[in-house]
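# Reading the structure
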Amino acid sequence: MKLISGKGQSDQHDYAHLTLENGLTVILVSDPMAERSAASLAIKAGSYHDPEQHLGLAHLLEHMLFLGTEKYPEAGAYQEFIRQSGGSHNAYTSTQITNYYFDTLPASYLEALDRFAQFFIAPTLDPQYIEREISVVDSEYRAKLDDEGRRSNEAFKTLYSDKHPASRFTVGNQDTLGNVPAEQLQDMLLGFYHRYYTPENMALTLVANQPLATLAEYARDYFAAVPARPSVEQELFAPMIDQGGAVQVFKTNTEQNVVKFSFRIPSQLQNYATQPARYLSYVLGDESENSLFANLKQQHWVQALHAGTNHDDGQQAFFTISMTLTEDGVAHRTEVLEQLFKTIDNLQQTPISEQYLAETQTLSLLNFEYHDYIQPVRLSQILASRALDIPAEQLMRSFHIAEHASKQDIRNLLGALQHDNLIIQWLSHQHFPSEWLEGEIDWSHEPLYDSQYANADIAFDSRELVAQSTLSSEFGLPHANPFMPESLALIEQRTHAEPSIIDSKKGFDFWYKPNTQFDKPSGMIFGYFGFLKNPDNRDRLLLQLWARLFNDAAGESTYQPYMAGLGYQLYAHSNGLTLRTNGYNDKQSDYFYGLVEQIMSFRASSKRLDIAKQEVLKGLNNLESQPPYALARHYFSQTAIKGNAPVEVLQSLIAEITLEDVNAFIDQHVQRFQYVGYMTGNFSEADAQQLSAKLNDKVDSCLHNHPYRNVELKNFRSQKNYLYNFDTRSGDSTVLYSLIATDNNDATYTQRAYVRVLAQLLGAKFYNEFRTEKQYGYIVAVTNQTIEKTPAIGFLVQSPNTSTQVLVNEIERFIQDTKWGNEDVSDQEFEQARQAVLAAYMKQPTNLKEEALEEWPHIVAPEHNSNDRKQWVAALEQLNKAEFLEFMREKVEQNQAARLLITNDWNNSESWTALNIE
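## Observations regarding the sheet that holds strand β18 (residues 566-573)
Taken together, six strands build an open sheet; the order of strands is β15-β16-β20-β17-β19-β18 and the sheet is mixed. At either end of the open sheet lies a strand with only one pairing partner, and these are β15 (500-505) and β18. Strand-to-strand twist in this sheet, taken as the mean axis angle between neighbours without regard to direction, amounts to 10°. Here β15 pairs with strand β16 (residues 508-514) via five bridges, running antiparallel. When the sheet's bridge partners are listed, I501 is paired in β16 with W511. Seen against the sheet, helix α23 (residues 685-699) touches β15, β16, β17 (522-530) and β20 (674-681) and runs at an angle of roughly 165° to β16.

Pasting the structure below:
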């Protein structure tokens, strides 16, 4: 075992690596803050390695490994064990990596490791489950048929060389996997497994609150038995594209206008220490004054811009600049092209900037040195996958720019940003740049996602656009960043004290808490502006527009602070607006005060309002394209909570709102509000008092007591069935069937804890029956639907092949068949569920932001209940099985709960009362 050096200053972990005798690389992480133990095993194989006749085989194999091993043959036993142990599990298959991972409470870690290791020692790959799991893979594919990202990506593949695996279908479906008998497919799965699932082609990460030596023993004890087989030579891929200079127009189902410019560049995987591509993305993705984005936005042509590398296969990659265009941007697309290529040309013609090099390296190092705590399950995934491409001893260096990239490397990348190396994809519902394509637009059909696209050579010459441009040689090149933190010293105060109020008067309260327990020179500042009283739909929409328009206007001035580690958010809620900042404490107080000044003086402009209204309408019009299961969850809260509006009402209102309406609304409320502030982190009390005094002076004439409004729920009646039927573009049947306690939104902590324990008890059983055994769909879950103090539990299924009527009947049968006698729930089952939920509430915040966001709602609410977590813990520690079962008998068996059915394609409404959004 060898230690891995180079961790960040705020990182309390210890890292080491070793190689087992069978060749397996192991990364060990001793995490003193870990409240759950985790593991991840990554394999250097994915969809790129699928056989041509059975696309999706790698994905199917990932699914099959969960369905039994020689030592633990029962399908679903692993999932049930992890769930009962208070943990989580999952896996993913990407183009060249498959990653399996889990976390669990420490007491169950060793048994979980034993069960997990068997995936890679002796899986059964039982033929009886192959056909079922093909249906699940097919359901997973069908669940994303309306996903614009999936649809456009599949069409984009038609621009790739057919000799490169990137051109192929990756997910798999019934056609690509169900085309041979299960026994024959089992042989293919075994062949893939034996070829690629070899120790030398794997990396394992263990993360736990254990000494490194102990973790090393765990690795040897449980993974030394992974059989050693001949190592796999890494395949060399053909060029991803035969040549550049191509453009694709893609017809979206949703209202959007996006254009992506992708340049072929060499792979950047081995440049982890210098990251020369960051130089390009730092400049071309900048949003501050004089940047490409700032210029495009000032002309109202672009709403968003992103630049960075993607599709890196180890030999080649793309550098992509993606823009979201406004309607005006579509009309002025030639000027957009000119400004993009002029910026690129300016960057190519300008000497490599020492300023940009220094800023990118400094910011990269700061983000690494003071990064937030990463949960064990996430950290294990990251390290296992990264260790497949990067030597274990170099892992820490791969997370930041360790040294300046050579100017020649940057020049080579800049040289790749040329016309002949370019692929463009234009995505729109109805606007297409025919003049960009050689010849007429000749539409083709992509069958997997039923989309339309057209490919052609690029008709324009970017070099001519640059030659004819009158833009300056400095156009698009941002200025130096003045917000780089300078003081990183920590204050001496390290207590765990509760927030205290340091200033209070009519309409103004300011709270403060010093907090450096996470060893990071950071802080958070909150400001609450309370002013809404009995708002109607129009008021709520005007408030949302206010926040959206301010964020839009502040984008240019807040980008450099953001890049220097100072973030902000302004958001609307039922009482008004809340502003918060976070990041390095140095300069944050002045930054927050400056934002308050901007809020007070901000007024909307006509052009930006028109664009904002267009964006809101697009969001409303595109709502039905969201995944049905996400829509079901969305409409649950929309129907259960008072004060929401149906889409058609919002569509009508947004069309009527004028600039005078918005600015009159702002004028009214910016002059009369209640202010509550909170400052926490690496700030002294003098810092807090100084900011409080400045804010007090600024808002003094506006202060007014405002009655705080809690979220209001509708009155649900026991033994009553409620229905909301929603529309979706998907053909899948979707059901969210919820049981809601009718306690007038005043349930005790104990009663709310019952529902969390119930979800824990039923989750694995419901998943195993509805997904694994009956194959109703890929999306299957028991969810805690509690709102405020009203306990609720939901049963969620999205199915491509089962009607909503059958799903509802089956859920009702499941609920009815689940009994709540003392003999029906063992003491062990109840205790495991209780301990799992208790562990979630015992889990302490792992960074300042997490802790501050937990404290803030209790500071704003009039009752200031800072003991919320303690009361949850007390309720769960005292939870009694007999009383829990009695509660379940009353609410479920005796049907004393209300039932709310959120679904699509529902015709049987006789026993259900329609519930409206209002």
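## Some remarks on helix α28 (residues 868-877)
Looking only at α28, the buried set comprises R869, W872, V873, A875 and L876. Projection of α28 onto a plane perpendicular to its axis shows the buried side chains occupying an angular sector of 165°, all on one side.

## Topic: empty space enclosed by the protein
All told, the structure shown has eleven cavities of 30 Å³ or more when counted by the stated rule. Size it by volume and the largest cavity reaches roughly 180 Å³. As for the largest cavity, its lining consists of 16 residues, and the residues nearest its centre are S10, H371, D372, Y373 and T846. Along the lines of polarity and charge, the residues of the lining of the largest cavity split into six nonpolar, seven polar and three charged. Looking at the second largest cavity, its volume works out to about 110 Å³. Contributing elements (two or more residues each) for the lining of the second largest cavity: β22 (733-740), α24 (749-773), β24 (792-799) and α29 (881-893). Split into classes, the residues belonging to the lining of the second largest cavity amount to twelve nonpolar, no polar and one charged.

## Some words on the pattern of salt bridges
Oppositely charged side chains may form a pair once their charged atoms are brought near each other. One pass over the structure, following the stated rule, counts 39 salt bridges. Residues E111 and R115 are paired through a salt bridge, measuring 3.1 Å at the closest nitrogen-oxygen approach. Separated by four residues within a single helix, E111 and R115 lie in helix α3 (residues 109-117), roughly one turn from each other. Judged by its relative accessible area of 37%, E111 falls in the partly exposed class. Overall, the relative accessible area of 14% leaves R115 in the buried class.

## Let's talk about the side chain of S625
Along the chain, S625 turns up in the loop between α19 (606-621) and α20 (628-640). Looking at S625, its side chain comes within polar contact range of the main-chain oxygen of N622, at 2.5 Å. Those residues in contact with S625 that lie beyond four places of it in its chain are D146, T254 and R729.

## Notes on the packing of α24 against helix α26 (residues 827-842)
Contact geometry for α24 and α26: axes closest at 9 Å, N-to-C directions at 120°. If you check the angle between α24 and α26, you find them oblique. Along this stretch, α24 crosses α26, giving a crossing that reads as right-handed. Packed against α24, whose contacting residues are R756, V757, Q760 and L761, the element α26 presents E829, F830, A833, R834, A836, V837 and Y841 at the interface.

## Digging into unusual backbone geometry
Phi at H311 takes a positive value of approximately 55°, unusual for a residue other than glycine. Its location among the elements puts H311 in the loop between β10 (302-310) and β11 (316-325). Owing to a relative accessible area of 36%, H311 belongs among the partly exposed residues under this scheme. A positive phi angle, near 55°, is found at D519, a position not held by glycine.

Cut-offs and rules
Residues numbered from 1 in each chain as written. Predicted model: local features only at pLDDT ≥ 70, side-chain atom pairs only at ≥ 80, totals over all residues. Heavy atoms only, no water. Pairing = 2+ DSSP bridges. Helix = DSSP H or I, 4+ residues; strand = E, 2+ residues; numbered from the N terminus. Axes fitted to C-alpha atoms, helices over the stretch in contact; angles between N-to-C directions. Contact = heavy atoms within 4.5 Å. Buried < 20%, exposed > 50% of the residue type's maximum accessible area, 1.4 Å probe, protein only. Arc of directions from axis to C-beta. 1 Å grid on protein atoms, 1.4 Å probe; cavity = no way out; pocket = protein on both sides within 12 Å on 5 of 7 lines; lining within 4 Å. Points joined across faces, edges and corners; volume = space filled by probe spheres on them. Nonpolar A, V, L, I, M, F, W, Y, C, P; charged D, E, K, R; others polar. Salt bridge = Lys/Arg side-chain N within 4 Å of Asp/Glu carboxyl O. Polar contact = N/O pair within 3.5 Å; in protein donor to acceptor, adjacent residues only side chain to side chain. Parallel < 35°, antiparallel > 145°, perpendicular 65-115°, else oblique. Left-handed = near helix turned anticlockwise from the far one by under 90°.

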